[in-house]
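Okay, here's what each chain looks like letter by letter:
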Amino acid sequence: MRRRLPAVVLALGITLAMLAATPALAAGYRYWSFWDGSAGGRWSYATQGPSMARPADGAVQGFRFSVSKDAAEQAAQPRAAADFETVCGATAPTEGTKRVALVIDFGVPADAPAGDTPPDTAPRTACAQVAPEATTAEALASVAKPLRYNSAALLCAISGYPKQGCGDQVADSTAGTPAPSAPAQSAAPDSGGGPSAGLLAGIAAVAALAAAGVWQSRRRTR
């Protein structure tokens, strides 16, 4: 039993070190996510920002404001189906233009910045009729001004909502909906390199506990 004590202490120390080295849960970000509609009313996270995307006639584009942690996999989707006919069915096609169905979901009050409130509780839809070469941003601007962007071309506000902020980091305890390590349609913050403070503390704990176990074992064998 005495001989096993240092091994037990060492194992405990390693466990503590692993726990200390485990990174904290990534904080969420409060932002407008951008979505492409597909067959069956489904949504897929857009791989381009709205200022770069040039949808074809008949496309459905969605926007959702929320607090999210993983943009590619867990961001909150628009709460209405990506259905072109529902949005643009009553808008006749016109030569020299294209129709883009837009679903704009201002999210839930729990995700709103302090002092702000979503302007609509349900998703808003609009059929933008724009030039064939127009971007999604231009289509959005034709039906939901004012828009606000930051210097990195990240969409910050639609129809003036929210009034302030853009992709702001939010503490885990206040995250209201599943969601990005950073908004994927903007630059993710650099986490830096080198060992974390938790890892260094864990290594120190292993060394201290192992030394204490060896000392205790030798003391009992005398």
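The shown structure was predicted, so the numbers you read here are calculated from the model rather than taken from an experiment.

This brings us to the side chain of Thr 135. Its location among the elements puts Thr 135 in the loop between β5 (124-130) and α3 (136-141). What makes Thr 135 buried here is its relative accessible area of 7%. Not counting chain neighbours up to four residues away, the residues in contact with Thr 135 comprise Pro 50, Ser 51, Ala 53, Arg 54 and Pro 55.

Counting residues in each nonpolar core, the largest one holds 20 residues, and the members touching the most others are Trp 32, Phe 63, Leu 102, Ile 104, Leu 140 and Ile 158. Counting only elements with at least two residues in this core, the list comes to β1 (28-37), β3 (59-68), β4 (98-105), β5 and α3. Looking at this core, the element that brings in the most residues is β4, giving three residues. Counting 14 residues, the second largest nonpolar core, distinct from the first, contains Tyr 29, Trp 35, Trp 43 and Val 87.

In protein structure, a disulfide is the covalent linkage between the sulfur atoms of two cysteines. One pass over the structure, following the stated rule, counts two disulfides. Note on cysteine connectivity: Cys 88 is disulfide-linked to Cys 127, with sulfurs 2.1 Å apart. Taking the torsion about the sulfur-sulfur bond, which here is approximately 110 degrees, the covalent link between Cys 88 and Cys 127 counts as right-handed. Separated by 39 residues along the polypeptide, Cys 88 in helix α2 (residues 84-88) and Cys 127 in strand β5 bring together distant segments of the chain. Of the two residues, Cys 88 and Cys 127, neither departs from the other in class, the shared state being buried. Each sulfur of the disulfide joining Cys 156 and Cys 166 lies 2.0 Å from the other. Handedness of the Cys 156-Cys 166 disulfide follows from its S-S torsion of about -75 degrees: it is left-handed. Here Cys 166 lies in the loop between β7 (155-157) and β8 (168-170) and Cys 156 lies in strand β7, a separation of ten residues in the sequence. For Cys 156, a relative accessible area of 3% translates into the label buried.

About the criteria used
Residues numbered from 1 in each chain as written. Predicted model: local features only at pLDDT ≥ 70, side-chain atom pairs only at ≥ 80, totals over all residues. Heavy atoms only, no water. Helix = DSSP H or I, 4+ residues; strand = E, 2+ residues; numbered from the N terminus. Buried < 20%, exposed > 50% of the residue type's maximum accessible area, 1.4 Å probe, protein only. Contact = heavy atoms within 4.5 Å. Core = buried A, V, L, I, M, F, W, Y, C linked by side-chain atoms within 4.5 Å. Disulfide = S-S within 2.5 Å.

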